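# Structure at a glance
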Amino acid sequence: MAVFKGFPLNLLFASILLILLLCIQSGGGQKKKENMLAEKVEQMMEWSSRRSVIRMNGDKFRRFVKAPPRNYSVIVMFTALQPQRQCSVCRQANEEYQVLANSWRYSSAFSNKLFFTVVDYDEGADVFQQLNMNSAPTFMHFPAKGKPKRADTFDLQRIGFASEQLAKWIADRTDVQIRVFRPPNYSGTIALALLVSLVGGLLYLRRNNLEFIYNKTGWAMAALCVVFAMTSGQMWNHIRGPPYAHKNPQNGQVSYIHGSSQAQFVAESHIILLLNAAITMGMVLLNEAATSKGDVGKRRIICLVGLGLVVFFFSFLLSIFRSKYHGYPYR
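Reading guide: rules and limits
Residues numbered from 1 in each chain as written. Predicted model: local features only at pLDDT ≥ 70, side-chain atom pairs only at ≥ 80, totals over all residues. Heavy atoms only, no water. 1 Å grid on protein atoms, 1.4 Å probe; cavity = no way out; pocket = protein on both sides within 12 Å on 5 of 7 lines; lining within 4 Å. Points joined across faces, edges and corners; volume = space filled by probe spheres on them. Nonpolar A, V, L, I, M, F, W, Y, C, P; charged D, E, K, R; others polar. Helix = DSSP H or I, 4+ residues; strand = E, 2+ residues; numbered from the N terminus. Salt bridge = Lys/Arg side-chain N within 4 Å of Asp/Glu carboxyl O. Buried < 20%, exposed > 50% of the residue type's maximum accessible area, 1.4 Å probe, protein only. Core = buried A, V, L, I, M, F, W, Y, C linked by side-chain atoms within 4.5 Å. Contact = heavy atoms within 4.5 Å.

Enumeration according to the criterion identifies 2 cavities of 30 Å³ or more in this entry. In this structure, the largest cavity encloses a volume near 40 Å³. The wall of the largest cavity is formed by Val 89, Ala 136, Pro 137, Leu 156, Gln 157, Pro 243, His 246 and Phe 265. When the residues that make up the lining of the largest cavity are grouped by side-chain class, the tally is 6 nonpolar, 2 polar and no charged. Space inside the second largest cavity adds up to approximately 30 Å³. Forming the walls of the second largest cavity are Ser 48, Ser 52, Ala 101, Trp 104, Arg 105, Phe 110, Leu 114, Phe 115 and Phe 116. Listed by contribution, the elements that provide at least two residues to the lining of the second largest cavity are α3 (88-105) and β3 (114-120). Split by residue class, the lining of the second largest cavity holds 6 nonpolar, 2 polar and 1 charged.

This structure, assessed with the given rule, holds 8 salt bridges. Close ionic contact of Glu 123 with Arg 55 constitutes a salt bridge, the shortest N to O distance being 3.0 Å. A residue pair is termed long-range when its members are at least 10 positions apart, and Glu 123 in the loop between β3 and α4 (125-130) and Arg 55 in strand β1 (residues 53-55) qualify at 68 residues. Asp 122 serves as the salt-bridge partner of Arg 85, at 2.8 Å between the closest nitrogen and oxygen. Pair noted here: Arg 85 is in the loop between β2 (73-79) and α3 and Asp 122 is in the loop between β3 and α4, with a separation of 37 residues, a long-range link. Under the relative-accessibility criterion, Arg 85 is labelled partly exposed at 28%. Relative accessible area serves as the criterion here: at 35%, Asp 122 is assigned to the partly exposed category.

Side chains that are nonpolar tend, in soluble globular proteins, to be buried together. Of all hydrophobic cores here, the largest spans 27 residues; its most connected members are Leu 114, Phe 116, Phe 139, Ile 170 and Ile 178. Contributing elements (two or more residues each) for this core: β2, α3, β3, α5 (156-159) and α6 (163-174). Examining the composition of this core, we find that 7 residues originate from one element, α3, more than from any other. Residues within four places of Phe 139 in sequence aside, it is in contact with Val 76, Met 77, Ala 93, Tyr 97, Asp 152, Thr 153, Phe 154, Leu 156, Phe 161, Leu 166 and Trp 169.

Now the structure itself:
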């Protein structure tokens, strides 16, 4: 006892007892935290076994996505699927999201490290307000540790919402590789078979008179259709899979022209296709009016129609520039 000479024994015993109590409390807190985490993972796995995409309201979102402890990543789709919202883009994005979630749920690599969830505006409006979110659909990644960063919000407007693009984004954020498996779709094969049958039938019926094959006007119209489709951005739509249009869930306003020069909606490519057709038809009519030797009144009408189509093209084109570049076409 010489070591503790001059040191009150009661104070020594009190200090030891305090240290023991702190150790016990710390161990109990750690055990409680582990039990809570195990319960959350078990609950998420149970929901995931029922359906690939877990539906969440505000309470579930705060408990299983926002609140610690959590050792799993969560992909959340914020959407507005109720019919009264009239969000066609939300339905299209949800279909792609379901394909991706099913691909993960039934893959051999499936684990409790990643879950797919959805928060509908009508079931979790408080979550939208909490995150200052005013548009749908939106995809966000909530990492296992820490808060979401800017890159954890999927750039839907620029990339589109195709399952393959979402899978690539998830791989970048979580290192989880998902191979997308789409259900078989025979509509394209059936359409092609019908088209071939139709063309074959027409050729058979006209087998004694195939002069129409050498019709220059017909081939010119077919070539113009291909040119219109290519120059309007149809290939970009096929690759990126953008939404047809965007509807603001707050005021219900529908935008058919994308506000950025780096992206477009499907409706925008259709508008460009019609504009290309208008300027082409206008030029053809003006040329017909200038070279034709028919009735003067008829030529004047053709000329006015051609001029109207040309004016329509340039006026509508100017409005598109203003929408995408905010009045600065060469910015």
